[in-house]
Amino acid sequence: MKFVIRRFKDDKSFWQSFEVPVKKGMTLLDGLFYIRENIDPSLAFRASCRMGICGSCAVKVNGRPRLACEAQLSKFKKEIKIEPLDNFRVIRDLVTEFEGFFAKHKKVKPYLIANTDYENPIEQLQTPEELKKYYIFTLCIKCGSCLSVCPSSATLESSLGPAALVSAYRFNADSRDRGKEERLKIVSESFGVWRCHSAMECSEVCPKQIEPAKAIQLLRRETLR
Amino acid sequence: MHYGGSMIDCDIAIVGAGLAGMRAAVAIAEKNSKVSVAIIAKTYPIRCHSVCAEGGSAAVLRKEDSFDLHAWDTVKGSDFLADQDAVEFFVRECPKEILRLENWGCPWSRNPDGTIAQRAFGGHSVNRTVFAADRTGFHEVHTLYERLLKYDNVEFFSEYFLTNLAIEDNRIQGLSAIELKTGNLVFFKAKAVILATGGAGRLYGFTTYSHQVTGDGMAIAYRCGVPLKDMEFMQFHPTGLVPSGILMTEACRGEGGYLRNKFGERFMQKYAPEKMELAPRDVVARAMWKEIIEGRAFEGEHGPYLALDLTHLGEEKIEQRLPMIREAAIKFLDIDPVEEPLPVKPVQHYTMGGIHTNMFTETPVKGLFAAGECACVSIHGANRLGSNSTVECLVFGRVAGEMALKYIENVKDVKINQEFLKEEEERIFDKIGKGNENPHTIKRELNETMDKHLWIFRNGDGLKEAIRKIEELKERYSQASIADDCRKFNVALLSTLEVGYMLDLAEVVAMGALLRTESRGAHYRLDYPERNDKQWLVHTLAYYTREGPRFEYLPVTITKWKPVERKY
Amino acid sequence: MGVMSWFKYKSPFGLAFAFQRITGIILLFYLILHLCYLTSLQSRELYETLTSITVSRQFIIFDSLLILCGVFHGVNGIRIIIHELGIGHELRRVVLAVSAIIAILGWIIGSYILFMALGD
């Protein structure tokens, strides 16, 4: 199978092809490691858990963002085009700058705001029904796929983007949280929920099927109350 | 300084942004908001290996349980090599850590009445494993990371690769790391350093670990004169998915799954009739491997395997308690555990050994602390019980943070020697990687050697062969190449340095295993199959010398429980 | 002008997003044109000149396309409103398909009526 990769070195971008032998069950990430270990040790890409839980390996495969470790090579044709994620500045080859992404996440106060005792913590009760309300939004692995396909985030750098807004909703919907007002104030600014124009691309590409678009709409309704 | 090396000043530097590292940072920031904390890690915090933890965290939360019982389970599970004073301290801290995480937002799975749910796990006599679906590590890490965003005095230095510690007069002065983005060497001046860099799983080929877990902190501490303890004890988890090695959590068996050989029998009946599949991991792993060696396993294109049968649990239970492993099995193997059994095989999973610390995470070097998997207190002794590690990271992460904070009260100023700065630059940029041996080939051969001779069943000849091979690989490593001349995000440099760390650690593991002429816990010698408490109720300490590791032995601390036969 | 960047997203949702904006611009353009048209009612010659050009067999294709733009923009707009109420995200592909069918039907019916009207 031919891997056609868009590389980036010393401010120059160029395409390079590699031939990778394919075995049954091999993933795209296995292919990238094969290239690094046997053909070109300088191929830079992020990877860690290889089981779809760390979010390091999101790359654009044939035009769509995927987690490299979850893409089975048997499902592709003879040639695969691999590029770094859109809407991120490229550092080297397939490695992109994520500081901005995490800064956006930090902006929405993505932590539980409640009156708790550090030295002598007490169990807070939460029923399974209350847990179900927000649980799916806790599954975000911060891979960046949603941000790379969001058209609004592409045109305005300061947009919070789907992942940060999902985080904000996750805490607002948590029955133990008391910080809803604070967060709503932040996300109802012009770069927050109102940047969403329902392109729905984020929900299409999320590897954990979280449906960020839904979370954003639910968050938006909260800001109107 | 032609590579642009810069110096960063901080009060406490934490290396490693996993559960232990981040918990230490929270502990410091909660007590003191003026102390500057730098968290230095080779990946972003939420990409750490701790996110892969699945099963749960054990703690005594309910009246039916007791600290003594948790401690006894842990000590018996460790095959009596655990230091009992440390274990007694540890079990009393676990409940508070679980509740703290809950207070910070961790989505623990709940009972219908709203209390935190607990499930059965191997080796525990009471259901005390707290869990968040089957992604416990993932949720714990995200909760800790998000909590850390609250504190202004904690700064993340993500994608900084540790290369060396600066120690003078047996006192820590700081450390050096490569900033991956620019490729420059950066020095951190710190009054105290906490190492929380994780285990050394990638020594092996068939392992549950992430690609980045190469034992960096352990190897660097070792080279700087800090002894490594009990490195020969490597845990093999019974159920790793074939062929990727992805972990099928112990909770599969905790929720009622069965292990079957090719005749469909639940073979654990023969080895642990009382606990069956919920015997401790070393017992189950040995049982499975015996079935494989004696020809009672299935044969597949990736080698022999056994079956993990979850089909009788029903779709609802699996979706609620084991959703991630179902997703993984379908995604990576196209097998639905609701319909068919999963192909599994014992897989390397945990490093019981590590940097020698006492109960307060102190190492022999003043100001240097170690917590989590990279440290060995020792809580887990010769075999770790499931769900004890995640909570150990939390308990000792907190201890390390508070100890470091107390330590720096008496430290006025630190200074990194000019010589150190110059030598480190030369070592990294001028000396390594001038040959033309592919470091990845060396790593692959190391993996093959470890998989063969340092696996579940070991013997003297195999270990001697392993040591010989490791020496050969170290020779070849001196001729390793770095096939990338661009500094920015130079992964070739990283890979080469990592292989160097792994070779040092492999040597300690192999020699320690050869010298320990008994079988205990996860270390099983076919030529010495009995446990020998008279001679070997001691910890192995390995010190670095140019000619190879020098070994000393430290007696185990016994307080309450005298060693007895370990039967399940 | 950044308009080409809207077409980077090659999934049906991305295209719907892009065309919503393009049809929006076209309809805005048409609205301005229509207002000019109406202000031309002040003079009989001006009105008759304009109608002789635009109400003709050759122009009908533009009118038909205009109907397509209007119908698409309206139906897609309703689809987006439904989603922005938080409804139907799990069935978004079904909703998109149904919207596409309604839009095409609306276009065909509208163009048919237009043809018939012109035939007289």
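Residues numbered from 1 in each chain as written. Chains lettered and ligands numbered in written order. Predicted model: local features only at pLDDT ≥ 70, side-chain atom pairs only at ≥ 80, totals over all residues. Heavy atoms only, no water.

**Some words on empty space enclosed by the protein**
Gaps between atoms show up when a probe of the same size as a water molecule is rolled over them.
Move 1: For the structure on display, the rule yields eight cavities of 30 Å³ or more.
Move 2: Each pocket or cavity is described by its volume, and for the second largest cavity that value is around 440 Å³.
Move 3: Considering the residues around the second largest cavity, the lining is formed by 24 residues, among which R36(A), A47(A), Q212(B), L494(B) and E498(B) are closest to the centre.
Move 4: Going through the elements one at a time, α1 (28-39) of chain A together with α13 (439-453) and α15 (491-515) of chain B are the ones with two or more residues in the lining of the second largest cavity.
Move 5: With five residues, α15(B) is the single largest residue contributor to the lining of the second largest cavity.
Move 6: Of the residues that constitute the lining of the second largest cavity, the class distribution is nine nonpolar, seven polar and eight charged. (1 Å grid on protein atoms, 1.4 Å probe; cavity = no way out; pocket = protein on both sides within 12 Å on 5 of 7 lines; lining within 4 Å. Points joined across faces, edges and corners; volume = space filled by probe spheres on them. Helix = DSSP H or I, 4+ residues; strand = E, 2+ residues; numbered from the N terminus. Nonpolar A, V, L, I, M, F, W, Y, C, P; charged D, E, K, R; others polar.)

**Notes on the pairing of strand β15 (residues 342-351) of chain B**
Residues and elements named next belong to chain B.
Move 1: For β15, a buried count of ten out of ten residues is recorded, marking the element as mostly surrounded by other parts of the structure.
Move 2: Bridging between strand β11 (residues 234-241) and β15 involves six bridges; their strand directions are antiparallel. Directly across from Q235, in β15, lies its bridge partner Y350.
Move 3: Note that strand β14 (residues 303-309) and β15 share three bridges and pair antiparallel. Within β15, the residue paired with L308 across the bridge is L342. (Buried < 20%, exposed > 50% of the residue type's maximum accessible area, 1.4 Å probe, protein only. Pairing = 2+ DSSP bridges.)

**A word on the interface of chain C and chain A**
Move 1: At the junction of the two partners, chain C supplies 17 residues and chain A supplies 22 residues.
Move 2: Summed over both partners, the interface of chain C with chain A comes to about 1800 Å²; 51% of that surface belongs to carbon and sulfur atoms.
Move 3: Where chain C touches chain A, the interface holds five salt bridges.
Move 4: Put simply, K214(A) and E90(C) hold a salt bridge, and the shortest N to O gap is 2.6 Å.
Move 5: For the side of chain C that touches chain A, the elements supplying multiple residues, two or more each, are α1 (12-39), α3 (60-84) and α4 (92-119) of chain C.
Move 6: Residues belonging to the side of chain C that touches chain A are distributed by class as follows: five nonpolar, five polar and seven charged. (Contact = heavy atoms within 4.5 Å. Buried area = accessible area lost by both parts, 1.4 Å probe. Salt bridge = Lys/Arg side-chain N within 4 Å of Asp/Glu carboxyl O.)

**Some words on the sheet that holds strand β3 (residues 57-58) of chain B**
Residues and elements named next belong to chain B.
Move 1: Read across the sheet, three strands follow the order β3-β5-β4 without closing on themselves; strand pairing throughout is antiparallel. Two strands in the sheet have a free side with no partner beyond their single neighbour: β3 and β4 (118-119).
Move 2: Bridging between β3 and strand β5 (residues 129-130) involves two bridges; their strand directions are antiparallel. Paired with S57 across the bridge in β5 is V130.

**A look at the domain arrangement of chain B**
Residues and elements named next belong to chain B.
Move 1: Domain annotation of chain B identifies domain 1 (6-233 + 352-417), domain 2 (237-346) and domain 3 (432-529).
Move 2: Once you take the C-alpha centre of each, domain 1 and domain 2 turn out to be 29 Å apart.
Move 3: Counting from both sides, the interface comprises 21 residues of domain 1 and, opposite them, 28 residues of domain 2.
Move 4: Both faces considered, domain 1 and domain 2 share a buried interface measuring about 1900 Å² in area, 55% of it formed by carbon and sulfur atoms.
Move 5: Broken down residue by residue, the surface that domain 1 buries against domain 2 is led by E54, D134 and F206, which jointly contribute 33%.
Move 6: With a closest N to O distance of 2.9 Å, R119 and E255 form a salt bridge.
Move 7: Taken together, the connections running from domain 1 to domain 2 amount to eight residue pairs in polar contact (both at pLDDT 80 or more).
Move 8: Considered class by class, the residues forming the side of domain 1 that touches domain 2 number six nonpolar, ten polar and five charged. (Domains from an automatic or database assignment. Polar contact = N/O pair within 3.5 Å; in protein donor to acceptor, adjacent residues only side chain to side chain.)

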